[in-house]
Amino acid sequence: TGEEANGSMGNDTPVAARAALHGEIARSLIAAGRTPAYVAPHLLQAAGSDSFTVETLRAAAREVQGSDAGGAALLLERAIACSSDEATTDWLRVELARALNRCGRPADADVVIALVLKHATEPALILEARIEYIEARKWLGQVTPVVDRIVAMAERAGDLESQARPVSGARAGAARGQ
């Protein structure tokens, strides 16, 4: 675990070296078959900002989303900080907004979605961002029941979830009770 790794490194290990070791430990654990959620504590202490770090944190967030939306939000915030690709960052922000909505932080989700909607051009991304925007507004008591019915009808009629989320089918599965 992270505590064991810190203990074996000693308190006199320079912070940069400790962060690099956490990154190496994370890669080794994934290679040994550990889950992203198991590895995530190392990545939160690692210095990496590569695609491995971003995608492992994202996968870990998806693993814990159902049981710990606040933890998922923390992992996604770190993934966003590590991401250098704007398209990936925008999708991560939508996932972060979803986690923030689920852990009772709709005002924060609203702010995150506003960042995405300012410049997004990809139709699927815009659709997902708008869905999370509506979810945040629902939590804040600012959406009429008519909008809820329209979204529900659209999801049933066209299964927007599976069409709009090439990156993640997690929400579509949850909506169908999987």
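Residues numbered from 1 in each chain as written. Predicted model: local features only at pLDDT ≥ 70, side-chain atom pairs only at ≥ 80, totals over all residues. Heavy atoms only, no water.

1. Regarding the nonpolar core
The biggest cluster of nonpolar side chains holds 36 residues, and the ones touching the most others in it are L43, L75 and L96. Mapped onto this core, the elements with two or more residues apiece are α2 (15-31), α3 (36-45), α4 (51-64), α5 (69-82), α6 (86-102), α7 (106-119) and α8 (123-139). (Core = buried A, V, L, I, M, F, W, Y, C linked by side-chain atoms within 4.5 Å. Buried < 20%, exposed > 50% of the residue type's maximum accessible area, 1.4 Å probe, protein only. Helix = DSSP H or I, 4+ residues; strand = E, 2+ residues; numbered from the N terminus.)

2. Looking at the packing of α5 against α6
Remark: α5 packs on α6, axes separated minimally by 8 Å, with the N-to-C direction vectors making an angle of 160°. Judged by the angle between their axes, α5 and α6 are roughly antiparallel. As α5 runs across α6, the sense of the crossing is left-handed. Taking contact as the criterion, the partners of A69, A72, A73, L76, E77, A79 and I80 in α5 are, on α6, T89, L92, R93, E95, L96, A99, L100 and R102. Taken together, the residues that form the contact of α5 with α6 break down as 10 nonpolar, one polar and four charged. (Axes fitted to C-alpha atoms, helices over the stretch in contact; angles between N-to-C directions. Parallel < 35°, antiparallel > 145°, perpendicular 65-115°, else oblique. Left-handed = near helix turned anticlockwise from the far one by under 90°. Contact = heavy atoms within 4.5 Å. Nonpolar A, V, L, I, M, F, W, Y, C, P; charged D, E, K, R; others polar.)

3. Observations regarding the environment of D85
Looking at the secondary structure, you find D85 in the loop between α5 and α6. D85 sits in the partly exposed class, given a relative accessible area of 38%. In sequence terms D85 and S51 are 34 residues apart; their C-alpha atoms lie 9.2 Å from each other.

4. Side note on the packing of aromatic side chains
Enumeration according to the criterion identifies zero aromatic pairs in this entry. In this structure, R34 is placed above the aromatic ring of Y38, and the distance from its NZ or CZ to the ring centre is 4.3 Å. (Phe/Tyr/Trp six-rings, centres within 6.5 Å; stacked < 30°, edge-to-face > 60°. Lys NZ or Arg CZ within 6 Å of the ring centre and 35° of its normal.)

5. Quick word on the confidence of the model for the protein chain
This prediction gives the protein chain a mean pLDDT of 82; 76% of its residues lie at or above 70. Predicted confidence for residues 1-7 stays below pLDDT 50, and this span has 10 contacts to residues more than four positions away or in other chains. Counting interchain partners and residues more than four positions distant, the pLDDT-below-50 stretch residues 165-178 has 21 contacts. (pLDDT = per-residue confidence, 0-100.)

6. Some thoughts on the packing of α6 against α8
Helix-helix packing is characterised by the crossing angle of the two axes and by the distance between the axes. At their nearest, the axes of α6 and α8 sit 10 Å apart, and the two run at 20° to each other. Overall, the two elements α6 and α8 adopt an arrangement that is roughly parallel. Read as a crossing pair, α6 and α8 show a hand that is left-handed. When α6 is examined against α8, the residues D90, W91, V94, A97, R98 and N101 are found in contact with a partner set consisting of A124, L125, E128, A129, E132, E135, A136 and W139. Considering only residue class, the contact of α6 with α8 consists of eight nonpolar, one polar and five charged.

7. Topic: the environment of R34
Relative to the helices and strands, R34 resides in the loop between α2 and α3. The residues touching R34, leaving out its near neighbours within four places in the chain, are L29 and V39.

8. Thoughts on the pattern of salt bridges
All chains considered together, the criterion is met by 12 salt bridges. Across the pair E86 and R93 runs a salt bridge, and its minimum N-O distance is 3.5 Å. For E86, a relative accessible area of 44% translates into the label partly exposed. Overall, the relative accessible area of 17% leaves R93 in the buried class. (Salt bridge = Lys/Arg side-chain N within 4 Å of Asp/Glu carboxyl O.)

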